[in-house]
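What follows is the residue order along each chain.
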Amino acid sequence: MNINSHIRNIAIIAHVDHGKTTLVDAMFRQSGLFRANQEVNERLMDSMDLERERGITIAAKNCSVLWKGTRINVIDTPGHADFGGEVERALSMADGALLLVDASEGPLPQTRFVLKKALEAGLKIIVVINKIDRPDARTHEVMDEIFDLLIDLEATDEQLEFPLLYAVAKDGIAQKSLEESGSDIHVLLDTILEEIPAPAYDPEAPFQMLVSDLGYSDYVGRLAVGKISNGTAKARSSLVCVGESGSVRPLKVSKLQVYQGNSLKDAEEVQTGDIAVLAGIEEVKIGDTICYPEHPEPLPRIRVEEPTVSMAFQINDSPLGGLEGRFVQAGRIRDRLEKETLMNMAIRVEDSPDRESMLVKGRGEFQLAILIETMRREGFEFCVGRPEVIFRFTQDGEKTEPLERLLVDCEEQFLGVVTEKLSLRKGKMTNLVNNETGRIRMEFSIPTRGLIGYRDEFLTDTRGTGILHTIFDGYGPFRGDYPSRFTGSIVADRSGRCVPYALFNLEPRGRLFVQPGDPSYEGMIVGEHNRSVDIDVNPCKEKKLSNVRAAGKDEHVVLSPIKPLTLEQAISFIREDELVEITPKSIRLRKALLSGQKRHSQTGRKKVRE
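Q: Outline the pairing of strand E26 (residues 399–411), supporting the account with residue identities and numerical values.
A: Within E26, 10 of the 13 residues are buried, which leaves the element mostly enclosed by the surrounding structure. Of the strand pairs in this sheet, strand E25 (residues 392–393) and E26 are connected by 2 bridges, and their pairing is antiparallel. Across the sheet, the residue bridging to Arg-392 is Thr-400, located in E26. Linking E25 back to E26 in an antiparallel pair, the connection comprises 5 residues, with Gly-397 at a positive phi of about 85°. Alignment of E26 against strand E29 (residues 467–477), held across 9 bridges, turns out to be antiparallel. Bridging across to E29, Pro-402 finds its partner in Tyr-475. Relative to strand E28 (residues 439–447), E26 runs antiparallel, the two sharing 9 bridges. Bridge pairing links Leu-407 to Glu-443 in E28.

Written out as structure tokens, the structure is:
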């Protein structure tokens with residue numbers, strides 16, 4: 001086997017907010033990618049608006065850094081377990097991994113998820129403990145936790161002998177020991193060249209490239225991104241694509257590109273180990289192999305774990321449907337969802353028997369919420385149902401459900417309320433750590449359905465100071481039913497505009513979601529009822545006027561401020577018979593059956609059957 005010593009391919013693994021994107025920025029700056037006086041945005045790799053707003057990495061992305069004549073291809077992997085499909089395809093292009101851990105928080109569950117995948121792929125690991133300048137840094141304890149984690153994930157002896165560096169990514173500093181006083185990040189770049197293996201290849205093998213990502217350019221069309229496993233290719237070559245079934249389709253590459261920084265540059269030829277971008281290719285899917293017609297030999301396909309959560313998508317058939325969105329037809333929504341399955345391997349789309357709705361399956365409610373928010377910003381208008389977990393049955397007919405490993409970090413005084421709420425949701429405590437700092441760390445095993453709708457409740461219970469992290473923990477026996485919501489809905493019984501007088505008189509009934517002037521229609525949910533039953537109300541009722549006046553009769557109505565529901569809150573709030581109406585401008589809650597008469601008839605028939 002030969003090696004291409006001029007290339008290194010490395011994936012960066014880190015939990016949300018541990019400094020991964022900031023570290024990539026520092027590598028860009030100190031490798032001489034930018035001019036001295038060039039203005040550069042922070043967090044360059046967070047290219048999506050949602051990533052910049054939320055401060056997380058959603059999609060895996062590629063970039064490159066040139067250091068001492070060697071191109072270091074950096075693959076930015078998401079830190080959230082819900083985007084596991086992105087992780088698995090990103091790691092297929094890497095020969096090593098950089099594990100970045102916060103010096104205070106230590107390795108958290110979502111670090112565990114990506115690291116497990118990297119170890120299973122046999123990647124060489126470099127560990128960087130970041131934010132060593134934090135006043136609450138506990139570097140030595142975090143070092144022990146990293147060792148424990150690697151042992152727990154069954155790392156090999158070679159993987160356990162990892163190089164260790166310390167960093168302050170926001171200042172662009174990396175050093176080999178805590179006693180040093182680093183001034184730049186050169187030691188990290190040197191360590192990558194020394195420790196990460198160069199791509200190995202068989203010089204006799206024909207050209208093979210595994211498609212790990214897809215993109216689109218308005219100028220050159222569909223883009224296929226992947227690592228070249230063997231051989232070389234030139235621009236405008238005649239190639240073939242080997243699909244999942246083994247079918248061979250001819251391709252004509254119009255352009256060949258490689259990464260330079262966070263942008264692309266044209267290349268006449270690409271070599272083994274390069275992460276290349278082939279332009280102008282149609283009908284290519286992630287996992288396909290691109291090769292020469294004379295040697296159509298496929299590489300092992302990328303496999304991702306099965307989805308665990310599903311949601312129903314359907315057209316918006318409310319009286320306000322079509323007023324705010326540009327794309328409202330079922331066909332347009334279906335085409336957009338099918339396009340998402342081409343770009344995201346973890347998403348599956350199935351048609352319902354009546355073809356009125358589509359069932360979208362993913363790795364978690366957060367992943368589906370990001371998809372919904374993205375579509376909403378693109379101008380789509382539709383309705384979604386409550387997230388439902390996907391149950392499986394064993395050969396013996398036993399019902400199993402997806403489980404989560406849940407890590408809770410909160411103040412000691414909230415231990416009781418958190419434990420009580422999670423116990424009601426069928427959670428089981430597996431570990432409790434108290435470092436005598438006033439905060440405690442608990443681990444639970446809990447069904448995925450038990451977490452739907454709990455995050456906002458948790459923040460309220462811990463007064464906004466708690467931290468919640470989850471990771472998929474496989475399937476286990478069904479743990480039984482539990483009440484998902486103890487409150488009912490306040491439902492409008494007619495169309496119109498909400499008025500202050502009516503809302504003022506509805507406030508004692510519960511929490512309202514609408515403000516004066518907001519439109520309402522029959523079946524729209526305007527608030528959360530204090531009791532467990534639904535009530536129908538008239539939010540458009542105006543005060544009866546008379547020609548008799550008295551002092552204090554017409555006092556000014558003062559309403560409590562309304563906090564708008566976020567998309568995640570709306571999705572977690574609804575019951576099985578309710579929907580969230582998504583438009584580019586609004587998020588509304590509604591009943592699946594809008595007619596009050598039909599709803600009451602259905603409830604009556606259900607009681608008779610029971």
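Q: Go over the packing of aromatic side chains with me, naming the residues and quoting the values.
A: For the structure shown, the criterion picks out 7 aromatic pairs. With 5.3 Å between their ring centres and 90° between their planes, Phe-513 and Phe-573 make a pair best called edge-to-face. Highlighted residues: Phe-513 in the loop between strand E32 (510–512) and strand E33 (519–520) and Phe-573 in helix H14 (residues 567–573), separated in sequence by 60 residues. By relative accessible area, Phe-513 is classed as buried at 14%. Its guanidinium or amino end placed over the ring of Phe-391, Lys-399 lies 4.3 Å from that ring's centre, counting from NZ or CZ. The ring centre of Phe-478 lies 4.3 Å from the NZ or CZ of Lys-399, which sits over that ring.

Q: Lay out helix H5 (residues 139–152) with the relevant residues and their values.
A: Compared with the 20 Å implied by 1.5 Å per residue over 14 residues, the 20 Å span of H5 between its first and last C-alpha is a close match. Buried residues of H5: Thr-139, Val-142, Met-143, Ile-146, Leu-149 and Leu-150, and no others. End-on view of H5: buried residues confined to an arc of 125°, all on one side of the axis. Exposed side of H5, more than 90 degrees from the buried face: His-140, Asp-148 and Ile-151 are the residues found there. Backbone geometry just downstream of H5 places Glu-154 in the positive-phi region, at approximately 60°.

Q: Provide a residue-level description of the packing of helix H10 (residues 415–424) against helix H12 (residues 454–461), including the pertinent values.
A: The geometry of H10 relative to H12 is characterised by a closest axis approach of 10 Å and an angle of 160° between their N-to-C directions. Comparing the axis directions of H10 and H12 gives the class roughly antiparallel. Where H10 crosses over H12, the two elements pack in a sense that is right-handed. Contact residues: H10 offers Val-417, Val-418, Lys-421 and Leu-422, while H12 offers Tyr-454, Glu-457, Phe-458 and Asp-461.

Q: If you had to explain the nonpolar core to someone new, which residues and values would you point to?
A: Leu-99, Leu-115, Ile-125, Ile-129 and Ile-146 are the most contacted members of the largest nonpolar core, which totals 37 residues. Val-360, Val-384, Ala-570 and Ile-582 belong to the second-largest nonpolar core, a separate cluster that totals 29 residues.

Q: Outline the packing of helix H8 (residues 330–343) against helix H9 (residues 365–377), listing residues and values.
A: Geometrically, a packed helix pair is captured by the angle between its two axes and the distance between the axes. In the contact formed by H8 and H9, the axes pass within 12 Å of each other and the chain directions differ by 130°. It follows from the interaxial angle that H8 and H9 lie oblique. Here H8 runs over H9; the crossing is right-handed. Facing Ile-333, Arg-336, Leu-337 and Glu-340 of H8, the residues of H9 in contact are Leu-371, Thr-374 and Met-375. Looking at the contact of H8 with H9 residue by residue, the class counts come to 4 nonpolar, 1 polar and 2 charged.

Q: Outline empty space enclosed by the protein, listing residues and values.
A: Taken as a whole and judged by the stated rule, the model has 2 cavities of 30 Å³ or more. The space that makes up the second largest cavity amounts to roughly 40 Å³. Contributing to the lining of the second largest cavity are Glu-105, Leu-108, Asp-409, Arg-441, Ile-467 and His-469. For the lining of the second largest cavity, a count of residues per class yields 2 nonpolar, 1 polar and 3 charged.

Q: I'd like a description of the pattern of salt bridges, backed by residues and values.
A: Going through the model one piece at a time under the given rule, you end up with 35 salt bridges. Between Arg-590 and Asp-317 there is a salt bridge, and its shortest N-O distance comes to 2.6 Å. Pair noted here: Arg-590 is in strand E37 (residues 587–591) and Asp-317 is in the loop between strand E20 (309–314) and H8, with a separation of 273 residues, a long-range link. Overall, Arg-590 belongs to the buried group, its relative accessible area being 0%. When the shortest N-O distance is used, the salt bridge between Glu-401 and Arg-449 registers 2.4 Å. Highlighted residues: Glu-401 in strand E26 and Arg-449 in helix H11 (residues 448–451), separated in sequence by 48 residues. Like Arg-449, Glu-401 is buried. A single salt-bridge network, built from bridges that share partners, covers Asp-534, Arg-575, Asp-577, Glu-578 and Lys-591.

Conventions we followed
- Residues numbered from 1 in each chain as written.
- Predicted model: local features only at pLDDT ≥ 70, side-chain atom pairs only at ≥ 80, totals over all residues.
- Heavy atoms only, no water.
- Buried < 20%, exposed > 50% of the residue type's maximum accessible area, 1.4 Å probe, protein only.
- Helix = DSSP H or I, 4+ residues; strand = E, 2+ residues; numbered from the N terminus.
- Pairing = 2+ DSSP bridges.
- Phe/Tyr/Trp six-rings, centres within 6.5 Å; stacked < 30°, edge-to-face > 60°.
- Lys NZ or Arg CZ within 6 Å of the ring centre and 35° of its normal.
- Expected span 1.5 Å × (residues − 1).
- Arc of directions from axis to C-beta.
- Axes fitted to C-alpha atoms, helices over the stretch in contact; angles between N-to-C directions.
- Parallel < 35°, antiparallel > 145°, perpendicular 65-115°, else oblique.
- Left-handed = near helix turned anticlockwise from the far one by under 90°.
- Contact = heavy atoms within 4.5 Å.
- Core = buried A, V, L, I, M, F, W, Y, C linked by side-chain atoms within 4.5 Å.
- Nonpolar A, V, L, I, M, F, W, Y, C, P; charged D, E, K, R; others polar.
- 1 Å grid on protein atoms, 1.4 Å probe; cavity = no way out; pocket = protein on both sides within 12 Å on 5 of 7 lines; lining within 4 Å.
- Points joined across faces, edges and corners; volume = space filled by probe spheres on them.
- Salt bridge = Lys/Arg side-chain N within 4 Å of Asp/Glu carboxyl O.

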